[in-house]
Each structure stands twice: as C-alpha cells, then as structure tokens.
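Commentary on secondary and tertiary structure
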Amino acid sequence: MSPAQSFEFNANASGDYKKIETTNSIIFKGRKWVHKFVRKKVDYRMEKTALEKGATSDHVAKLLDSDDRKSYLVIEAGKEAFELFQEIVGKEGLVPYDIASMFTKDLLTALSEIHSVSCDICHGDIKLENMMYSPSVKRFKLFDFGLSSHPEEFKTRVGSLGYLAPEGFGAPGETLDGRKSDIWSAGICIYAAWCAMRVPWKAANETADRRLSEPNNDESMWLRMITMKKYVFKKCYETCKYLGPSILLDGMLTIPPEDRPAAIELLNHWNVLTFGR
C-alpha cells in the first residue's frame, strides 16, 4: 500500500490548504516524508504538475507519491530554512557564510530551473518557510507549490505578505509576470539569510496595504525607502559585511519588475561573485 493510500481521509484533521503536515513524517523508501491534503482539485492538479515538472531538479522537493482521489501529495521531508536560520542566529548572531552562500545558490538554481522554458512555472509563494534543508543530499530545496502557475497567468494578491513584490499589491485579479515576482520574493529570503533574519523594511500591514493599493500615492514610507538609491545594498552590507549578496540584492529588490534580472542571470552572477563555489 502506498503512503498516500494508507491515510484514513479526515478533512478536519488534515490542516488548512497549503499546510505541510510534518507531524506525520515517517520513513518511506529511505526518506522521511510529509503529506499534504489539498482541498481544491484544481489546486491539487496544478501543484502535482509543478512537482512533476520539477522532478529532474535536485533543488525541488521530490514527489514520492500521490492519491488523485483523496488529493494527497507525499513529498520528502526536510528542515525548514526559516526554523534552521532562526536557531543558528539565536546561537551565533549570523548565519555562517558557507550556509548562507549555499542557500543563495540553491534557491537561485531552483528558480532558474522552474522558470526555464522546459518547466515554465512560477512558484508564487517563495519564502523561507517554503525552502527546506535536506541533510541526505546537503542542499536546500524548494517545496510547497500550492500557489504555482504558468508565469503569464500569475495574479496580484497571491503569496505571503512579507515577501510580496510591490506590483503584487495592485487591484485583485490583475495579471503579473510570475517570474519577476518570484525574483523579488527570493530577494527577501536571501536578504534575511545574510542579515540575521532581518528584512530591509517591515512587511505591509492593513493600513500600508490600502495605501499601496492606491495608484500614485506618495505617502507610503515603504515605497520611499525602497526607491532610495542603493538602499538595499547599503542595508545588507552594513549587517553582513559581504559585498557579494549586497550586489546581488541590489538588482533583485528593484521596484520595476522589468529591471529585475532573470534567475539564470542572477545564478551566473552569483557564481562569478563567489568564484563558482
């Protein structure tokens, strides 16, 4: 019997949509795994398709099993990057260079692969909670594709507020370039990894959300801060004292989506900055 078939279906115990259930982690085919119940069939099909397309990538969590009837997905388990970095920062103050560098390269590699012509998807919810560290292969992997879509079909108001790109605050239902939104969200993750789990500005709250939704509103301190010349570069370097991530983030966290480099360009740039390590 497959692990997906071994569960007694219980919607109330399965958790909310997008919730990864680590409490049911067990050993399956030599790997720890977690299961996920997706309430909407259309979302289940999209996420399963995204995981299948990412199956050739070493930087996307492996889909180990599924149950189309019950809408269960079974993926390999790992340590959430958010939890891992919180623990490290609590003990050491900063995430060590080698770990932060590995995270940066692994995240950009994952993005370059899912954004490629052959895969052609955007993740839609890049955040530290959706990157896991796999001890067995000693790398970080992207998971939870519950909000993924084709890049040209990505919409505003999709994703997690603290990682949402500025254009994501537009009127609900507008179409965005999902790849560019992923790049912004990845930039927030990389900044936090290098800068002691801090972010360059506070996440929008309800009041800021309303202001950002109003076109040509000059009152937003959030917008004024991030349009300051070299603001991101300066803040990152002041905290981590490394030029590499500061240079990289200066391009990722820019307001116009079209000015953000593609994932493969950023990965190549990172390899140059770190001499391919």
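Above this text is the structure in question.
Residues numbered from 1 in each chain as written. Predicted model: local features only at pLDDT ≥ 70, side-chain atom pairs only at ≥ 80, totals over all residues. Heavy atoms only, no water.

**Some thoughts on helix α3 (residues 97-114)**
Helix length check: α3 (18 residues) gives 26 Å between terminal C-alpha atoms against 26 Å at 1.5 Å per residue, within 8%. Along α3, the positions that sit buried rather than exposed are A100, S101, F103, T104, D106, L107, L108, T109, A110, L111, S112 and I114. In this fold, the buried residues of α3 make contact with α2 (81-92), β6 (131-134), β7 (139-142), α4 (178-194), α8 (243-252) and α9 (263-273). (Helix = DSSP H or I, 4+ residues; strand = E, 2+ residues; numbered from the N terminus. Expected span 1.5 Å × (residues − 1). Buried < 20%, exposed > 50% of the residue type's maximum accessible area, 1.4 Å probe, protein only. Contact = heavy atoms within 4.5 Å.)

**Overview of the environment of T109**
For T109, the position within the fold is in helix α3. Judged by its relative accessible area of 11%, T109 is buried. Considering only alpha carbons, one finds T109 and L267, 158 residues apart in sequence, at a separation of 6.5 Å. If near-sequence neighbours (up to four positions away) are discounted, T109 is found in contact with H59 and L267. In terms of polar contacts, T109 uses its side chain to reach the backbone carbonyl oxygen of K105, at 2.7 Å. (Polar contact = N/O pair within 3.5 Å; in protein donor to acceptor, adjacent residues only side chain to side chain.)

**Here we look at a nonpolar patch on the surface**
A surface patch of nonpolar side chains, about 250 Å² in accessible area, is lined by Y237, L243 and I247. Topologically, I247 is positioned in helix α8. (Patch = residues over 30% accessible without salt bridge, like charges linked within 9 Å, V, L, I, M, F, W, Y side chains within 5 Å. Areas by Shrake-Rupley, 256 points an atom, 1.4 Å probe, with all protein chains shown as cover. Salt bridge = Lys/Arg side-chain N within 4 Å of Asp/Glu carboxyl O.)

**So, the nonpolar core**
F85, F103, L107, L128, I190 and M252 are the most contacted members of the largest nonpolar core, which has 57 residues in total. Counting residues per element, this core draws most heavily on α4, at ten residues. If we ignore the near neighbours within four places in the chain, the residues touching L107 are I126, M131, A186, C189 and I190. (Core = buried A, V, L, I, M, F, W, Y, C linked by side-chain atoms within 4.5 Å.)

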